[in-house]
Amino acid sequence: MGSDSLSQTKPIPLSTEEEDPPTQSTALLSFDTDSSLESEANGSPSKCSTTTIFIVLILVSFVALFSAFVFAFLFYSSSHSSSSATPRNFSRPLKQLENPVVLLVSSDGFRFGYQFKTPTPNIHRLVENGVEAEMGLIPVFPSLTFPNHYSIVTGLYPAYHGIINNHFIDPNTGEFFHSASHEPKWWLGEPLWETVVNHGLKAVTNFWPGSEVKKGSWNCPEKLCMKYNNSVPFEHRVDTALSYFDLPSREIPAFMTLYFEDPDHQGHKVGPDDPQITESVARIDRMIGRLIDGLERRGIFEDVTIIMVGDHGMVVRCLLFVHLQVMHHRMLFAKMNEGLESGKVDNGKYLKVYLKEDLPSRLHYAASDRIPPIIGLIEESFKVEQKRSKRKECGGSHGYDNAIFSMRSIFIGHGPQFARGEEGAIF
Ligand SMILES: [Zn+2]
């Protein structure tokens with residue numbers, strides 16, 4: 001993240017800029033992690049009501065963004081039986097667990113297609129015995145980490161959940177939102193962990209943007225709401241998630257999150273085609289394998305609903321800049337595109353600016369005061385540079401129009417609420 005957030009204080013707020021990986025200096029959040037266990041005194045409703053609530057939860061979580069997909073797997077009988085009007089019910093009864101558990105796993109910047117770069121036997125095991133978006137998950141616009149992670153757990157587009165960029169300025173107050181802004185005023189909508197608690201169940205967040213925000217019935221309970229710390233080894237994160245299954249049955253959280261910064265971290269540094277990405281993807285697969293192994297050892301792998309997602313893709317960006325030093329915020333909007341197309345702005349034709357109400361409606365990026373009035377859409381692989389630099393590095397970028405294929409990520413579902421071996425095109 002850095003100098004390119006959507007902001008009215010900037011000459012042209014561009015929503016197509018990349019973010020930095022959450023490194024030590026740009027952590028999503030910045031506190032120590034305590035991953036020890038402590039049971040909470042939440043009541044544990046009956047299995048019957050819990051099951052019902054979780055079916056509803058899964059539907060609610062994806063209905064706004066992914067409704068077509070969810071209905072495809074929960075109610076739609078697929079192309080094999082398209083003539084039938086009777087929906088198929090894929091859900092299976094639990095064998096070991098007393099109550100359903102949903103484990104939501106995010107691999108940041110896992111571009112669609114990474115899973116074919118190298119053998120990923122564990123990810124493919126989830127796919128083969130579960131469901132996947134065959135052509136990838138389309139992120140919300142802008143294809144950035146915070147807007148997308150919060151959309152995944154609220155089912156809302158950024159204009160409605162309020163996190164319209166990784167960092168931005170609220171034009172009404174002048175306040176700056178950044179990755180460690182935990183004040184509830186920023187975070188609109190109802191994230192899944194809050195929904196879970198509202199239903200009398202227990203949730204645990206093992207890192208997720210927004211999870212440390214005390215809002216509504218979610219007070220970020222100690223031991224169940226991890227403070228973000230990117231130095232926690234991935235293995236430890238997986239083991240922490242697994243350890244919750246060792247609690248007494250009625251105390252096992254009904255909803256858990258698990259977050260990995262990779263391969264976004266490497267993607268920014270070296271771009272999506274570097275061997276480092278291959279190794280990073282292999283490592284993520286090993287973490288999924290560690291998770292599966294741990295669940296199998298406990299005899300509950302088939303009982304846990306695992307949803308694995310990425311938040312956005314990645315594209316190589318290498319020395320393709322649009323230089324905008326001739327433009328400033330007092331330039332009339334009508335003159336902006338004229339200037340860009342004039343040939344006087346380096347690579348200006350690759351940037352188009354819009355009044356936000358004129359953006360393509362498919363972007364759903366207008367209905368918030370936080371969204372600046374003028375938005376730039378830049379073509380894939382380009383970056384706006386306001387001061388010419390002699391930087392020569394190449395790397396990766398995202399944040400672009402979510403219709404661009406390289407911005408797609410993954411969706412995989414496995415467990416008792418998903419069919420086995422089904423695929424949907426995209427969603
Ligand atoms: Zn990300």
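Residues numbered from 1 in each chain as written. Predicted model: local features only at pLDDT ≥ 70, side-chain atom pairs only at ≥ 80, totals over all residues.

### Considerations on the overall build of the chain
Heads up, the rule is: Strands here are runs of E lasting at least two residues and helices are runs of H or I lasting at least four, both read from the DSSP assignment and numbered beginning at the N terminus. With C-beta atoms placed from the backbone, a residue is labelled by how many other C-beta atoms lie within 10 Å of its own: buried for 20 or more, exposed for 12 or fewer, partly exposed between the two. Our contact criterion uses C-beta atoms placed from the backbone: two residues qualify when those atoms are within 7 Å.
Along the backbone of the chain there are nine helices and 15 strands. By the burial criterion, 48% of the 427 residues in the chain qualify as buried. Once local pairs closer than 6 in sequence are excluded, the contacts in the chain between residues at least 24 apart make up 77%.

### Details of the nonpolar core
Short version of the rule: One nonpolar core equals one set of buried Ala, Val, Leu, Ile, Met, Phe, Trp, Tyr and Cys residues connected by C-beta atoms within 7 Å.
Judged by nonpolar contacts, the single largest core of 87 residues is most densely connected at Leu103, Val196, Ala203, Phe255, Leu291, Met308 and Ile410. Of all the elements, helix H8 (residues 275-297) adds the most residues to this core, at eight residues. When neighbours within four sequence positions are excluded, leucine 103 is seen to be in contact with Ala241, Met256, Leu258, Val304, Thr305 and Ile306.

### Regarding the environment of arginine 420
Assignment of secondary structure puts arginine 420 in the loop between strand S14 (411-414) and strand S15 (422-424). Residue classification places arginine 420 among the exposed residues on the basis of 11 C-beta atoms within 10 Å. Those residues within four positions of arginine 420 in sequence are excluded, and the remaining contacts are Asn129 and Gly130.

### Observations concerning the packing of helix H2 (residues 121-128) against H8
The line we're drawing: Angular values range over 0 to 180 degrees, each being the angle between N-to-C directions of two axes fitted as lines to C-alpha atoms, with helices fitted over their stretch in contact. Throughout, the term roughly parallel applies to angles under 35 degrees, roughly antiparallel to angles over 145, roughly perpendicular to angles from 65 to 115, and oblique to all others. Residues are grouped as follows: nonpolar covers Ala, Val, Leu, Ile, Met, Phe, Trp, Tyr, Cys and Pro; charged covers Asp, Glu, Lys and Arg; every other residue, Gly included, is treated as polar.
The interhelical angle for the contact between H2 and H8, taken along N-to-C directions, is 60°, at an axis separation of 7 Å. With respect to H8, the element H2 is oriented oblique. Seen from H2, the contacting residues are Pro121, Asn122, Ile123, Arg125 and Leu126; seen from H8, they are Asp285, Ile288, Gly289 and Ile292. Of the residues assigned to the contact of H2 with H8, the class counts are five nonpolar, two polar and two charged.

### Structural notes on unusual backbone geometry
A cis amide bond, omega 0°, links phenylalanine 141 with the succeeding residue proline 142. Here proline 142 is to be found in the loop between strand S2 (131-133) and helix H3 (145-154). That bond from aspartate 262 to proline 263 is cis: its omega, 5°, falls within 30 degrees of zero. Within the secondary structure, proline 263 sits in the loop between strand S6 (255-260) and helix H7 (264-270).

### Quick look at helix H6 (residues 234-243)
Given 3.6 residues per turn, any residue in an α-helix points the same way as the ones three and four places further on. Every buried residue of H6 is accounted for by Arg237, Val238, Thr240, Ala241 and Leu242. Contact partners of the buried residues in H6: strand S1 (101-107), strand S5 (203-206), S6 and H8.

### Some details on the confidence of the model for the chain
For clarity, the cut-off: pLDDT is a residue-level measure of predictor confidence that goes from 0 to 100.
Looking at the chain, pLDDT values average 80 and 74% of them are 70 or higher. A low-confidence stretch, residues 1-84 stays under pLDDT 50, and its non-local contacts, those more than four residues away or across chains, total 183 contacts. The low-confidence segment residues 325-330 (pLDDT under 50) makes eleven contacts with residues lying over four places distant or belonging to another chain.

### Here we look at H3
With ten of ten residues buried, H3 is to be regarded as a mostly interior element. When we look at burial in H3, the residues that qualify are Thr145, Phe146, Pro147, Asn148, His149, Tyr150, Ser151, Ile152, Val153 and Thr154. Where H3 terminates, the next one or two residues include glycine 155, which has phi positive at roughly 75°.

### Quick notes on the pairing of S1
For a regular strand, side-chain orientation follows a simple rule: the groups alternate between the two sheet faces. Stated formally: Paired strands are those between which DSSP finds at least two bridges.
For S1, the buried fraction is high: seven of the seven residues fall into the buried class. Residues Val101, Leu103, Val105 and Ser107 point to one face of S1 and Val102, Leu104 and Ser106 to the other, with burial holding for every one of them. As paired elements, S1 and strand S7 (residues 304-309) share six bridges and run parallel to each other. Note on S7: the bridge partner recorded for valine 101 is valine 304. Bridge count between S1 and S6: six bridges; the pairing is parallel. In the sheet register, valine 105 faces S6, and the bridge partner there is leucine 258.

### Let's talk about the environment of threonine 145
Within the secondary structure, threonine 145 sits in helix H3. Look at threonine 145 and you get buried, because 28 C-beta atoms sit within 10 Å.

### With respect to the packing of H6 against H8
Here is the rule we go by: For any pair of crossing helices, the crossing counts as left-handed if the nearer helix is rotated counterclockwise from the farther one by less than a right angle, and right-handed if it is rotated clockwise.
At a closest axis distance of 10 Å, the pairing of H6 and H8 adopts a crossing angle of 25°. Considered as vectors, H6 and H8 are oriented roughly parallel to each other. Where H6 crosses over H8, the two elements pack in a sense that is right-handed. In this structure, H6 contributes Phe234, Glu235, Val238, Ala241 and Leu242 to the contact, and H8 contributes Met287, Arg290, Leu291 and Gly294. In terms of residue class, the contact of H6 with H8 is built from six nonpolar, one polar and two charged.

### Let's talk about the pairing of S14
Here S14 shows a buried face lined by Phe411 and Gly413 and a second buried face lined by Ile412 and His414. As paired strands, S2 and S14 are joined by two bridges and run antiparallel to one another. Residue glutamate 132 lies in a different strand from S14, and its bridge partner there is isoleucine 412. Bridge count for S7 against S14 is four bridges, and the pairing is antiparallel. Within the sheet, the bridge partner assigned to isoleucine 306 lies in S14 and is histidine 414.

### Comments concerning the environment of arginine 125
Mapped onto the fold, arginine 125 is located in helix H2. Each C-alpha atom, one on arginine 125 and one on glycine 289, is 9.2 Å from the other, the two residues being 164 residues apart in sequence.

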